[in-house]
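Chain and residue survey
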Amino acid sequence: MPRLSEVIAALENLWPAERAESWDAVGTVVGEPDQEVSRVLFAVDPVQEVVDEAVKLGADLLVTHHPLYLRGTTTVAASTFKGRVVHTLIKNDIALHVAHTNADTADPGVSDALAGALDLRVVRPLVPDPGDPEGRRGLGRVCELEHPLTVRELAARAAERLPATAQGIRVAGDPEATVRTVAVSGGSGDSLFDHVRAAGVDAFLTADLRHHPVSEFTAERAHSPLALLDAAHWATEWPWCELGAAQLDEISDRHGWDLRVHVSKTVTDPWTAHAASAPTSDTMGAPN
């Protein structure tokens, strides 16, 4: 049975902390280096529901994509929700390790997992890491479809293949336009529009797209078929949990650790319901 320090070393090899953005907070948050690890749980968010799941599972290590304390703190008091997470972890001898932007740009990384969930063939990074001479690491991925789809069909595939959320998939663009190439980026992606333009793809699938950037982007692309597909943030990053778990399983087998690695199915997307607007053909249908 490996010690936590050995498992963390393996995870750091997959997602080196030095490759995280300077503003990020990655690495081990809670954990005794000499404690033994037999069961690991992967999840997107280090929230109380997930920590309770780790306790019930008997996990010794929780690996999450999102940091617990991204902007620092002055307290871990149990009267705060993040403090309760820390107290629960320590009381139950569960370590917490975070791989965030260092997992986004990894090879394979978050966007590779997203592309895999949608049966897209990865061609190259959308934003290459200048420190990677092989040109495989970087943010986002440029992908190809095995067979062309319409935007509507691609959105339906994303809705079917990604975990179900209240939001589903929103589309900006012609639903009947043909898609052969797609850029994908797990998590918030509207800061990547310049790179998407330069990539010359037919569609861009990401999350957290905001009104003004999308409005400006579509206005600039008025004479182009490029479409935007907006999924829930959590849903675009959850496939990485399965990828990370599979990578750790392979390491465990190679070292003879016999780890039991699990992926949380707990939906931690904050949106819980969706009410669709009534369809209308009246372009002036907004209320007075």
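Residues numbered from 1 in each chain as written. Predicted model: local features only at pLDDT ≥ 70, side-chain atom pairs only at ≥ 80, totals over all residues. Heavy atoms only, no water.

1. A word on the pattern of salt bridges
On inspection of all chains with the given rule, the structure shows eleven salt bridges. Put simply, Arg-152 and Glu-176 hold a salt bridge, and the shortest N to O gap is 2.7 Å. Residue Arg-152 is located in helix H6 (residues 151-161), and its partner Glu-176 is located in the loop between strand S7 (170-172) and strand S8 (178-188); the two are separated by 24 residues in the primary sequence. Residue class for Glu-176 comes out partly exposed when judged on its relative accessible area of 45%. (Salt bridge = Lys/Arg side-chain N within 4 Å of Asp/Glu carboxyl O. Helix = DSSP H or I, 4+ residues; strand = E, 2+ residues; numbered from the N terminus. Buried < 20%, exposed > 50% of the residue type's maximum accessible area, 1.4 Å probe, protein only.)

2. Observations concerning the side chain of Ser-264
Position of Ser-264 relative to the elements: it lies in the segment after strand S11 (260-263). In terms of polar contacts, Ser-264 uses its side chain to reach the side chain of Glu-53, at 2.6 Å. Here the side chain of Ser-264 touches Thr-266 through a polar contact of 3.1 Å, landing on its backbone nitrogen. For Ser-264, the residues in contact, after removing those within four places along its chain, are Leu-41, Phe-42, Ala-43, Val-50, Glu-53 and Trp-238. (Polar contact = N/O pair within 3.5 Å; in protein donor to acceptor, adjacent residues only side chain to side chain. Contact = heavy atoms within 4.5 Å.)

3. A word on the sheet that holds S8
Taken together, six strands build an open sheet; the order of strands is S5-S6-S8-S9-S10-S7 and the sheet is mixed. Each edge of the open sheet carries a strand with a single partner, namely strand S5 (121-128) and S7. Within this sheet the neighbouring strands show an average axis-to-axis angle of 25°, counted without direction. Here five bridges tie strand S9 (residues 203-207) to strand S10 (residues 227-231), and the two strands are oriented parallel to one another. Across the sheet, the residue bridging to Leu-205 is Leu-229, located in S10. Packing against the sheet, helix H9 (residues 233-255) makes contact with S8, S9 and S10, and its axis sits at approximately 90° to S8. (Pairing = 2+ DSSP bridges. Axes fitted to C-alpha atoms, helices over the stretch in contact; angles between N-to-C directions.)

4. Some points on the packing of aromatic side chains
Taken as a whole and assessed by the stated rule, the structure comprises four aromatic pairs. On the numbers, 6.0 Å between centres and 65° between planes, the contact of Phe-42 with Trp-240 is edge-to-face. Here Phe-42 is found in strand S2 (residues 39-43), whereas its partner Trp-240 is found in helix H9, with 198 residues between them in sequence. Like Phe-42, the residue Trp-240 is buried in the burial classification. (Phe/Tyr/Trp six-rings, centres within 6.5 Å; stacked < 30°, edge-to-face > 60°.)

5. Thoughts on the nonpolar core
Ranked by size, the top nonpolar core spans 53 residues in total, and within it Phe-42, Leu-61 and Trp-240 carry the most contacts. Considering every element that reaches this core, the biggest residue donor is H9, with nine residues. Aside from chain neighbours lying at most four places away, what touches Trp-240 is Trp-15, Phe-42, Ala-43, Val-63, Thr-64, His-65, Ala-99, Ala-103, Gly-109, Val-110 and Ala-113. (Core = buried A, V, L, I, M, F, W, Y, C linked by side-chain atoms within 4.5 Å.)

Purely spatial values, then, with no claim about function.
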